[in-house]
Amino acid sequence: MSSVLTFTDPDADAAAITSMSRDELTETGPDLLRESRKYEARTVLAAAALAERVFHEHLADRPETGVWGSVVEHAERLGRAEVSLQFKVSRSKAGSWIALADLLEKLPLIRAAYLNGELSTNRASIMARAAQRGADTETDSDTDSESTDGDESGMSFEEIVLDYGSRATTDPVLSQQLDAALISMNPDSVIEDRDTITDLVGHVTITADVAGHSSLDAVVPAHYGVFLATQINALVDERTCRKDPRRVGSLRVIALGEITGVPGAHLDCECGQDDCPKRGGSTDSNGSAETPADAEDAAAWDDLLPEPADADAPEVEFVEPVVEPEIPDPMNEPTPDEVPVAFGRALVVPGAPVLTVLTDPDGVLVPRLQGYGPIDPDYATTLSEIAKTIHYPESARAAGPLIPQISDRAQAPPADPTGHGGHTVPPPGALTYAPSAKLRAEVLANDAWCRYPYCGMPSHLCDLDHWQPFNHTNPEAGGWTVLGDLIPLCRADHQRKHLAEWVPTLYTDRRVQWRNRRTGQVIVTYPR
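Because the structure is a prediction, the values reported are computed rather than measured.

(A) Molecular detail of the pattern of salt bridges. Taken as a whole and assessed by the stated rule, the structure comprises 22 salt bridges. The closest approach of N and O atoms between Asp 447 and Arg 510, which form a salt bridge, is 2.7 Å. In this pair, Asp 447 sits in the loop between helix H15 (437–446) and strand S10 (463–466) while Arg 510 sits in the loop between strand S12 (502–506) and strand S13 (512–516), placing the two residues 63 residues apart along the sequence. Here the two residues Asp 447 and Arg 510 agree in accessibility, since each one is buried. Put simply, Arg 133, Asp 179 and Asp 193 are held in one network by salt bridges that share partners.

Right, dumping it as structure tokens:
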């Protein structure tokens, strides 16, 4: 912690931070974050302790026969309300703090890491909930057999959770990784959780917001969300070019309206350019977020361009709403002045990607719904009737299930430094800049997300980057277009990689070690 900061004079501290050098900020910033997490962790424990005091005080004078369901619930609500008042937070926030503290009582390793400032409150909550579910799974497994299937090192599930939590991932990615671990250990328990959420939590609510807007909140099956997201993205890509001045969020709102048939909702490009490639329904790859803006950018980046878009965009298929038979209401006869309401038409974008499920024919690797993440085998079987099913490639199956990847084993060596993936003779397609569809699918099956630290972009939305640069002049001399030289990077991190401030080293187990050229700091990312 920097001794320059006083923590008593806000203006002086702000000025001191502004005057710090880059190296000082790099050192001071993480220290400040860690200290703030330590304070917040203790705040959570204090809130839970206060709620417990209020709870017991409310029940103290009651006879044992007078303590029953509704009385206990009332005492718990009183505790949450007091925390809300004293700590100046909402009651839902107070409740989440109390629940986290209760979970951590049974999870000493995660509790210690949280109190030591290694975890944010949200990350600790994700880990604690997963560890609790995993503990139930371990108990069931202990009664069934003495084996440690899926865990070569004999680690407890709390240790597995702690290992994942220490990685350079975003919280949503961590949540998916822990879900995959739970599915691998006990898919039946995840099926029960899914059914419970469907019955108790699933909903769609639309509430009034400010300035003529509404807020939408929904908990729906994963494939509902993936389908809607792909439809929205496809319509935005089909109708707008890169020069449209509006935010992507605004475009998505209009696309949602048109897709669901809201009257008057129609998405058109507003770039104002006479030669807009999206005008009149035409399609141009340079207008897509998947390709660089021009040929010079493409030559400067060592990425893999997607397949060229068709010159003719697919026709948009309109689906007419079902017309219900009109039944007169005898209590409210229509008047001649009434005008029928004109409803819009639901829109289906045929060019949008179809639902895709990745499965393992051997039943070892956890199924994945592209655009969502890991799903249980029962759900994957259900989706097989409406989704495209593809198999994990041999390279992913050979790597084994997700949980053993974190066991205490000898580290794999770095990948072939020539970028040839261990090949002595270029395999078919190795000397071509863009990968085949089969190779791209293999990379995406091995790497679930962007491989840059703390990025959660799904790999199917990323560029494929040659770890060792592809040589356009002499392809045989540079990195080849093979699995051993390709990693997915989102567009922004792809550009950061080419700034060469953080230099990656790919390993044969597809770990990527990122080393800072200035400081020598090392951050490691994992494929799944």
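So, next bit.
(B) Quick peek at the pairing of strand S6 (residues 356–359). Burial along S6 is two-sided: the face carrying Thr 356 and Leu 358 and the face carrying Val 357 and Thr 359 are both buried. As defined by bridge partners, S6 adjoins strand S7 (residues 368–369) across two bridges and the pair is classed as antiparallel. The partner of Leu 358 across the bridge, within S7, is Arg 368.

(C) Geometry of the packing of aromatic side chains. Under the counting rule described, the total for this entry stands at three aromatic pairs. Taken together, a centroid distance of 6.1 Å and an interplanar angle of 80° make the contact between Phe 87 and Trp 97 edge-to-face. Taken as a pair, Phe 87 in helix H3 (residues 69–87) and Trp 97 in helix H4 (residues 91–104) lie far apart in primary sequence, ten residues in all. Here the aromatic rings of Tyr 452 and Trp 514 are separated by 4.8 Å at their centres, their planes lie at 65°, and the arrangement is edge-to-face. Here Tyr 452 is found in the loop between H15 and S10, whereas its partner Trp 514 is found in strand S13, with 62 residues between them in sequence. Since its relative accessible area comes to 12%, Tyr 452 is described here as buried. Residue class for Trp 514 comes out buried when judged on its relative accessible area of 0%. One Lys or Arg, Arg 167, reaches over the ring of Tyr 526 and ends 3.7 Å from the middle of that ring. Directly above the aromatic system of Trp 449 lies the positively charged group of Arg 368, at a separation of 5.2 Å from the ring centroid.

(D) Spotlight on the side chain of His 466. Secondary-structure assignment places His 466 in strand S10. Given the relative accessible area of 0%, His 466 is considered buried. There is a polar contact of 3.0 Å between the side chain of His 466 and the side chain of Thr 481.

(E) How the structure looks around the sheet that holds strand S14 (residues 522–525). Taken in spatial order, the three strands of this open sheet run S12-S13-S14, and their pairing is antiparallel. The open sheet has two edge strands, S12 and S14, and neither has a second partner. Sheet twist, expressed as the mean angle between neighbouring strand axes with direction ignored, is 25°. Bridge count between S12 and S13: five bridges; the pairing is antiparallel.

(F) A look at the confidence of the model for the protein. Averaged over all residues, the pLDDT of the protein is 82; the fraction at 70 or higher stands at 79%. Averaged pLDDT values for the elements of the protein fall to 39 in strand S4 (residues 317–319) and rise to 97 in helix H5 (residues 108–115). Scored below 50 in pLDDT, residues 145–152 makes seven contacts in the model with residues more than four places away or belonging to other chains. Under a pLDDT of 50 for its full length, residues 281–343 has, in the predicted model, 98 contacts with residues more than four places off or in other chains.

(G) Geometry of the pairing of strand S1 (residues 203–208). In terms of residue burial, S1 counts as a barely covered element, since only zero of its six residues are buried. Two strands pair when backbone bridges link them, and S1 and strand S2 (residues 214–219) are joined in this way by six bridges, in the antiparallel orientation. The residue bridging Thr 207 from the neighbouring strand is Ser 215, located in S2. The turn joining S1 and S2, which pair antiparallel and follow one another in sequence, is formed by five residues; a positive phi near 55° is taken by Ala 211.

Calculation rules
Residues numbered from 1 in each chain as written. Predicted model: local features only at pLDDT ≥ 70, side-chain atom pairs only at ≥ 80, totals over all residues. Heavy atoms only, no water. Salt bridge = Lys/Arg side-chain N within 4 Å of Asp/Glu carboxyl O. Helix = DSSP H or I, 4+ residues; strand = E, 2+ residues; numbered from the N terminus. Buried < 20%, exposed > 50% of the residue type's maximum accessible area, 1.4 Å probe, protein only. Pairing = 2+ DSSP bridges. Phe/Tyr/Trp six-rings, centres within 6.5 Å; stacked < 30°, edge-to-face > 60°. Lys NZ or Arg CZ within 6 Å of the ring centre and 35° of its normal. Polar contact = N/O pair within 3.5 Å; in protein donor to acceptor, adjacent residues only side chain to side chain. Axes fitted to C-alpha atoms, helices over the stretch in contact; angles between N-to-C directions. pLDDT = per-residue confidence, 0-100. Contact = heavy atoms within 4.5 Å.

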